[in-house]
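Descriptive structure summary
The lines below spell out each chain.
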Amino acid sequence: MTATKGLEGIVATTSSISSIVDGVLTYRGYDIDDLAVNATFEETAYLLWFGSLPTTPELQALQRDLSAFAEVPEQVIAQMKLYPKTANTMAALRSAVSSLALYDEAADDMSREANEIKAVKLQAQIPTLVAALARIRKGLEPVAPREGVSIAENFLYMLWGKQPDIISVKALDAALVLHADHELNASTFASRVTVATLSDIYSGVTSAIGALKGPLHGGANEAVMKMLEEIGSLEAVEPYIRAKLERREKIMGFGHRVYKNGDPRAKHLMKMSQELGTMKNNTTLYDMSVKIEELITGQKGLKPNVDFYSASVYTQLGIERELFTPIFAISRTSGWTAHILEQYEDNRIIRPRAEYTGMLEQKYVPVDER
Ligand SMILES: CC(=O)SCCNC(=O)CCNC(=O)[C@H](O)C(C)(C)COP(=O)(O)OP(=O)(O)OC[C@H]1O[C@@H](n2cnc3c(N)ncnc32)[C@H](O)[C@@H]1OP(=O)(O)O
Ligand SMILES: O=C([O-])CC(=O)C(=O)O
């Protein structure tokens, strides 16, 4: 038995949800480049869960369900008010999502029908939790979700407490489409491992949130913004990056296990970052990001991943960086739950082996003789 570090190149499951072949990302056979400019997030989530794009009545029914489920139990909001205001937002989200299970009587109902409802419910409730967390951290009261509006619009409405502008809603909606699923990434794998023990969907999504939090995965988008803030100006980019590379430090938002010639999602976010900067008459963050990309690609051959330009996109939308990874979680809930449903459909416990490298033939010595 020989271990492969990080399971690189190991095919661990079959899946018909999303694929990455020769650098092309597809959801259920639809190219991400097509979906990014044409599909809404609700259509995308439907596609991931049910395998085809919805008809008008199917989409309307989904939108009605998402609206009907968007409120979260008042006990969960009360618990969230007790979290320290300085708590890591992903740690807080992980706790809140775990708590949702306590108030769902169907949490352990393992029928396909019940699990599909819980997938839609989680998708509806997680944006409400993230917006509530953000407001509670600032000492503000959470804003209740509105009926009949998209997830992107509702989220920004609950976050800001006022009707968001159409440009912000469209930009967030496109970002949600781009982040929705990504084959067997670390958080999706974590969710599948958890539910393959026949544990419940809430446990699967809670595990996934824990995995997404790390800076080598979803947490990179917040880390990119911290770096941009630390750099501070276009002139400071070059010396900062050169010094970081000399110290052999990683540059967040660059590199990818699967894409070696670039992440197809990054160009969409790059364009959005440029457009938002131009619209707001301030392209500093975009210009700094482009300069960083030139230096990193030039010196290391590494390309930006989905987390790089999303940082400047969200900041230009007026969203604080502590919410970047939770927003990733809002989107990826669609992918996680689609994978969980797929895992339940044809389940076998996921239990690989480890190559043992420890000591051999030890003999027990009583404690007072050691
Ligand atoms: C949504 C997402 O999860 S997208 C990824 C988000 N994560 C990040 O942006 C964090 C920064 N990037 C990374 O840490 C890595 O590129 C990962 C985690 C994405 C992929 O990791 P791996 O597939 O294990 O790549 P690995 O670490 O083997 O990288 C190969 C080489 O490129 C280097 N490298 C990879 N990424 C970077 C980076 N961002 N900055 C500097 N060097 C890097 C590695 O140090 C390694 O060099 P070496 O061969 O001299 O040791
Ligand atoms: O696939 C990965 O390893 C990470 C990634 O880009 C994602 O989850 O979107």
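The structure under discussion appears in the preceding block.
Because the structure is predicted, anything quoted here is derived from the model rather than measured. Residue numbering note: each chain is counted from 1, following its sequence as written. Working convention: letters from A go to chains and numbers from 1 go to ligands, in the order in which they are written. Reporting in this predicted model follows two pLDDT cut-offs: at least 70 for local features of residues, and 80 or more for side-chain atom pairs to be given and counted; totals over whole chains, interfaces and linings ignore these cut-offs and use all residues. To obtain the side-chain values, all non-hydrogen atoms of the structure were included, while hydrogens and water were left out.

Once that is clear, we can look at the packing of helix α2 (residues 41-50) against helix α6 (residues 112-137). Angle between the axes and distance between the axes are the two parameters that describe a pair of packed helices. A fitted line through C-alpha atoms serves as each axis, taken over the contacting stretch for helices, and the angle formed by two N-to-C directions is quoted from 0 to 180°. Only DSSP runs of H or I with at least four residues qualify as helices, and only runs of E with at least two residues qualify as strands; both kinds are numbered from the N terminus onward. Between α2 and α6, whose axes approach to 12 Å, the crossing angle comes to 155°. When the axis of α2 is compared with that of α6, the two are roughly antiparallel. Relative to α6, α2 is oriented so that their crossing is right-handed. For the pair α2 and α6, contact is made by F41, W49 and F50 and by R112, E116, A119, V120 and Q123, respectively. When an angle is under 35 degrees it counts as roughly parallel; over 145 it counts as roughly antiparallel; between 65 and 115 it counts as roughly perpendicular; any other value is oblique. Crossing handedness is defined as follows: a turn of the near helix away from the far one that is anticlockwise and smaller than a right angle gives a left-handed crossing, while the clockwise case is right-handed. For this analysis, residues touch if any pair of their heavy atoms sits within 4.5 Å.

It is worth spelling out the sheet that holds strand β3 (residues 30-31) at this point. Two strands qualify as a pair provided DSSP detects at least 2 bridges between them. Spatially, β1-β2-β3 is the arrangement adopted by the three strands of the open sheet, whose pairing is antiparallel. For this open sheet the edge positions go to β1 (18-21) and β3, each flanked by a neighbour on one side alone. Sheet topology places strand β2 (residues 24-27) next to β3; two bridges connect them, and they run antiparallel. Along β3, the bridge assignment pairs T26 with D31.

A few words on the packing of aromatic side chains. Aromatic rings from Phe, Tyr and Trp, with only the six-membered ring used for Trp, were paired whenever their centres fell within 6.5 Å, and each pair was classed as stacked if the ring planes differed by under 30 degrees, edge-to-face if by over 60, and tilted otherwise. Going through the model one piece at a time under the given rule, you end up with five aromatic pairs. Judged by centre distance (4.6 Å) and plane angle (55°), the ring pair of F254 and F308 falls under tilted. Within this pair, whereas F254 is found in the loop between α12 (237-246) and α13 (266-279), its partner F308 is found in helix α15 (residues 306-316), the two being separated by 54 residues in sequence. Considered together, F254 and F308 belong to a single accessibility category, that of buried residues. An aromatic cluster is defined as three or more aromatic residues linked by ring pairs; in this entry it consists of Y46, W49 and F50. R146 extends its terminal NZ or CZ atom over the ring of Y157, reaching a point 4.2 Å from the ring centre. Buried means the residue's accessible area, taken with a 1.4 Å probe over protein chains only, is under 20% of the maximum for its type, while exposed means over 50%, and partly exposed covers the values in between. Geometrically, a charge over a ring is one whose NZ (Lys) or CZ (Arg) sits within 6 Å of the ring centre while staying within 35 degrees of the ring normal.

To continue, consider the site of ligand 2. Neighbouring residues are identified by heavy atoms, a residue being near a molecule or strand if any of them is within 4 Å of it. Surveying the vicinity of ligand 2 reveals the residues H182, N185, H217, H256, R265, F328 and R332. Any pair of N or O atoms that falls within 3.5 Å is considered a polar contact. Within protein, one atom must be able to donate a hydrogen and the other to accept it, and sequence-neighbouring residues count only if both atoms are side-chain atoms. Interatomic distance of 2.7 Å between a side-chain N/O atom of R332 and an oxygen atom of ligand 2. For ligand 2, whose free accessible area comes to 260 Å², the fraction covered by protein is 84%. Throughout, the ten residues Ala, Val, Leu, Ile, Met, Phe, Trp, Tyr, Cys and Pro are labelled nonpolar, Asp, Glu, Lys and Arg are labelled charged, and all others, Gly among them, are labelled polar. Broken down by class, the residue content of the shell around ligand 2 amounts to one nonpolar, four polar and two charged. Areas reported here follow the Shrake-Rupley algorithm with a probe of radius 1.4 Å; residue values treat only the protein chains shown as occluding.

Salt bridge, as applied in this entry: a Lys or Arg side-chain nitrogen positioned within 4 Å of an Asp or Glu carboxyl oxygen. For the structure on display, the rule yields 18 salt bridges. The closest approach of N and O atoms between E238 and K291, which form a salt bridge, is 3.7 Å. With a gap of 53 residues between them, E238 in helix α12 and K291 in helix α14 (residues 284-300) connect regions that are remote in the sequence. Residue E275 is joined to K271 by a salt bridge in which the shortest nitrogen-to-oxygen separation is 3.3 Å. One end of the pair, E275, and the other, K271, are both in helix α13, four residues apart, so they sit about a helical turn from each other. Residue classification places E275 among the partly exposed positions, given a relative accessible area of 38%. Of the residues examined, K271 reaches a relative accessible area of 52% and is grouped as exposed.

Here the focus is the site of ligand 1. Lining the immediate surroundings of ligand 1 are 18 residues, of which H217, K250, I251, G253 and R257 lie closest. Within the side chain of K250, one N or O atom sits 2.7 Å away from an oxygen atom of ligand 1. F254 places a main-chain nitrogen or oxygen 2.8 Å from a nitrogen atom of ligand 1. For ligand 1, the accessible surface in isolation is 910 Å², of which the surrounding protein chains cover 68%. A class-by-class count of the residues in the shell around ligand 1 yields nine nonpolar, five polar and four charged. An automatic or database domain assignment supplies the start and end points of every domain. When residues of the shell around ligand 1 are assigned to domains, at least three fall in each of domain 1 (15-217 + 324-345) and domain 2 (220-316).

Attention now goes to the nonpolar core. Side-chain atoms within 4.5 Å link the members of a nonpolar core, which is a set of buried Ala, Val, Leu, Ile, Met, Phe, Trp, Tyr and Cys residues. Judged by nonpolar contacts, the single largest core of 108 residues is most densely connected at L93, I241 and I292. Once residues within four sequence positions are removed from consideration, L93 is found in contact with I126, L129, V130, L133, I209, P326 and A329.

Turning our eyes to something else, we now look at the environment of H179. Within the secondary structure layout, H179 lies in helix α8 (residues 166-179). Sequence separation between H179 and T333 is 154 residues; the distance between their C-alpha atoms is 9.7 Å. Residues contacting H179, with those up to four places away along its chain left out, are Y27, L269, V306, S310, Y314, F328, S331 and R332.

The next point concerns the pairing of β1. Burial along β1 is one-sided: the residues S18 and I20 are buried and none of S19 and V21 is. Relative to β2, β1 is paired through four bridges, and the arrangement is antiparallel. Bridging across to β2, S18 finds its partner in Y27. What sits between β1 and β2 in their antiparallel hairpin is a turn of two residues, with D22 showing a positive phi close to 50°.

Here we take up unusual backbone geometry. A positive phi angle, close to 55°, is found at L7, a residue other than glycine. If you check the backbone angles, L198 has positive phi at about 70° while not being a glycine. Along the chain, L198 turns up in the loop between α9 (186-195) and α10 (201-212).

The analysis is restricted to geometry; functional conclusions fall outside its scope.
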